[in-house]
Amino acid sequence: MSERKTVAFIGLGAMGRGIAANLATAAATGDKITPPVLVWNRTVSKSEQHAAAFGTRCARTLSELSHVDLIISCLPTSVEVAAVVEDLAPELKSGSIWIDCTSGEPEATKELARKLATNGITMVDCPVSGGPAGAKSGQLTAMIGGDIDNRAKPIIALFAKKKVVDCGPVGAGHAVKAMNNCLNAAHLIIGGEALIALKRWGVSPEVALCAINASSGRSLQTEERLPKEVLSREFDYGFKLGLMYKDVCIAIESLGSSFDENSLLPLVKKMLQASVDEQGFDADYTRVVETLERKAGVQL
Ligand code: NDP
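Residues numbered from 1 in each chain as written. Predicted model: local features only at pLDDT ≥ 70, side-chain atom pairs only at ≥ 80, totals over all residues. Heavy atoms only, no water.

**What to know about the packing of helix α7 (residues 172–201) against helix α11 (residues 264–279)**
In the contact formed by α7 and α11, the axes pass within 10 Å of each other and the chain directions differ by 70°. Considered as vectors, α7 and α11 are oriented roughly perpendicular to each other. Contacts between α7 and α11 involve Met-179, Cys-182, Ala-185, Ala-186, Ile-189 and Glu-193 from the first element and Leu-265, Val-268, Met-271 and Leu-272 from the second. Class assignment for the residues of the contact of α7 with α11 results in nine nonpolar, no polar and one charged. (Axes fitted to C-alpha atoms, helices over the stretch in contact; angles between N-to-C directions. Helix = DSSP H or I, 4+ residues; strand = E, 2+ residues; numbered from the N terminus. Parallel < 35°, antiparallel > 145°, perpendicular 65-115°, else oblique. Contact = heavy atoms within 4.5 Å. Nonpolar A, V, L, I, M, F, W, Y, C, P; charged D, E, K, R; others polar.)

Here's what the structure looks like:
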């Protein structure tokens, strides 16, 4: 492979749109990517809009991506990734690399990587953290699972400027990401419950956070999500409740054989499930606190 790589991006959702835009900027201004970055999205109008806004090239069919050195996907779950791999893999050239930024399922990814390896294609899982704002600014953390060498890491570093962590063999990135999101959801729920209890007792949530955020109970959720998304009533972080529920299910079902129902994580899953049932898959994940509020009869 030459020093510059040809790159295609699949899945221009809340995360993919920003990641692909950063790759396009890097292609136009740097020496790592050969422009243009190709973009494919199930709804073609979004890839047309992306091309017009960021100078990427809209691919109308998956076949148009078959010649590239690097494919990067960011889809809802490993199920959609497997379907796209099924369609595209036979056409990809041997020696190409598939970087999956989906928050996926570790075992399914191992299976996909085995399949792709038979065509001479290397697959690594590379889920990311940082939300749509981090995707837009390029300040994501990437959690890599698999044997990745210098062919792809410099490209990942273009959109994961916060940190790139080698987590272990294929699937390890997805495993770490699932647990990261369990912590995220658990911290949000416990923070929400704490504020509800304090409000009922007579302390305003703003005052409570002022003290907690200068004390040992603080977390990203008390510092950022609770004030910016919940107390503001914006509920607009940009991460779907149903996708968070999926991550917690991955953590419990594929990694958590030692958790019984009295453990904390199964409870987090149960509470998210109740919130998805109430608010729907597409609601912002911070609305899980709204479900707690309704249950408690208290609005923060
Ligand atoms: P979105 O729902 O915003 O976007 C999903 C993307 O997948 C869209 O491009 C959509 O296409 C496409 N898609 C959906 N179904 C299919 C299908 N059957 N075949 C082909 N394409 C499909 O999701 P996000 O961008 O928020 O999330 C993507 C991944 O990143 C998920 O795994 C999520 O858990 C993870 N993630 C999300 C974060 C966030 O804050 N949003 C943060 C970190 C990770 P279309 O436009 O046609 O609907």
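**Digging into the domain arrangement of the protein chain**
Partitioning the protein chain into structural domains gives domain 1 (5–170) and domain 2 (176–296). The gap between the C-alpha centroids of domain 1 and domain 2 is 29 Å. On the domain 2 side, the residues contacting the 15 residues of domain 1 number eleven residues. Carbon and sulfur atoms make up 67% of the surface buried where domain 1 meets domain 2, a total of about 920 Å² over both sides. When the buried surface of domain 1 facing domain 2 is broken down by residue, Ser-103, Pro-132 and Met-143 rank first, second and third, together holding 37% of it. The interface formed by domain 1 and domain 2 includes zero salt bridges. On inspection of domain 1 and its partner domain 2, the count reaches five residue pairs in polar contact (both at pLDDT 80 or more). Those elements that provide at least two residues to the side of domain 1 that touches domain 2 are β7 (128–129) and α5 (131–137). Partitioning the side of domain 1 that touches domain 2 into residue classes produces eight nonpolar, six polar and one charged. (Domains from an automatic or database assignment. Buried area = accessible area lost by both parts, 1.4 Å probe. Salt bridge = Lys/Arg side-chain N within 4 Å of Asp/Glu carboxyl O. Polar contact = N/O pair within 3.5 Å; in protein donor to acceptor, adjacent residues only side chain to side chain.)

**Comments concerning helix α2 (residues 44–54)**
For an α-helix the count is 3.6 residues per turn, leaving residues at separations of three or four pointing the same way. Residues of α2 that are buried include every one of Ser-47, His-50 and Ala-51, and no others. Take α2 and look down its axis: the buried residues cluster within an arc of 100°, on one side only. More than 90 degrees from the buried face of α2, the exposed residues found are Ala-52 and Ala-53. Residues of α2 that are buried in the fold lie against α1 (16–29), β2 (38–40) and β3 (57–58). The positive-phi residue at the C-terminal boundary of α2 is Gly-55, with phi of around 75°. (Buried < 20%, exposed > 50% of the residue type's maximum accessible area, 1.4 Å probe, protein only. Arc of directions from axis to C-beta.)

**Focus on unusual backbone geometry**
That bond from Pro-35 to Pro-36 is cis: its omega, -5°, falls within 30 degrees of zero. Within the secondary structure, Pro-36 sits in the loop between α1 and β2.

**Some points on the pattern of salt bridges**
Overall, the coordinates contain 16 salt bridges when judged by the stated rule. Put simply, Lys-32 and Asp-31 hold a salt bridge, and the shortest N to O gap is 3.4 Å. Between Arg-294 and Glu-278 there is a salt bridge, with the nearest N and O atoms lying 2.8 Å from each other. Of the two residues, Arg-294 is situated in helix α12 (residues 288–296) and Glu-278 in helix α11; the sequence distance between them amounts to 16 residues. Among the residues examined, Glu-278 registers a relative accessible area of 39% and is labelled partly exposed. Three or more residues are tied together by salt bridges with common partners; here these are Glu-278, Arg-287, Glu-290 and Arg-294.

**Digging into the side chain of Ser-66**
Counting through the fold element by element, Ser-66 comes out in the loop between β3 and β4 (70–73). Within the local environment of Ser-66, its side chain forms a polar contact with the backbone oxygen of Ser-63, the two atoms lying 2.9 Å apart. Not counting the four nearest positions on each side in its chain, Ser-66 is found in contact with Leu-88, Glu-91, Leu-92 and Lys-93.

**Things to note about the nonpolar core**
Counting residues in hydrophobic clusters, the biggest one holds 37 residues, and the most contacted among them are Val-248 and Leu-272. Of all the secondary-structure elements, those providing two or more residues to this core are α7, α8 (205–212), α9 (220–231), α10 (241–255), α11 and α12. The dominant element in this core, judged by the number of residues it contributes, is α10, at nine residues. Residues within four places of Val-248 in sequence aside, it is in contact with Cys-182, Ala-185, Leu-265, Val-268, Lys-269 and Leu-272. Judged by nonpolar contacts, the second largest core, of 32 residues, contains Phe-9, Leu-23, Leu-70 and Ala-160. (Core = buried A, V, L, I, M, F, W, Y, C linked by side-chain atoms within 4.5 Å.)

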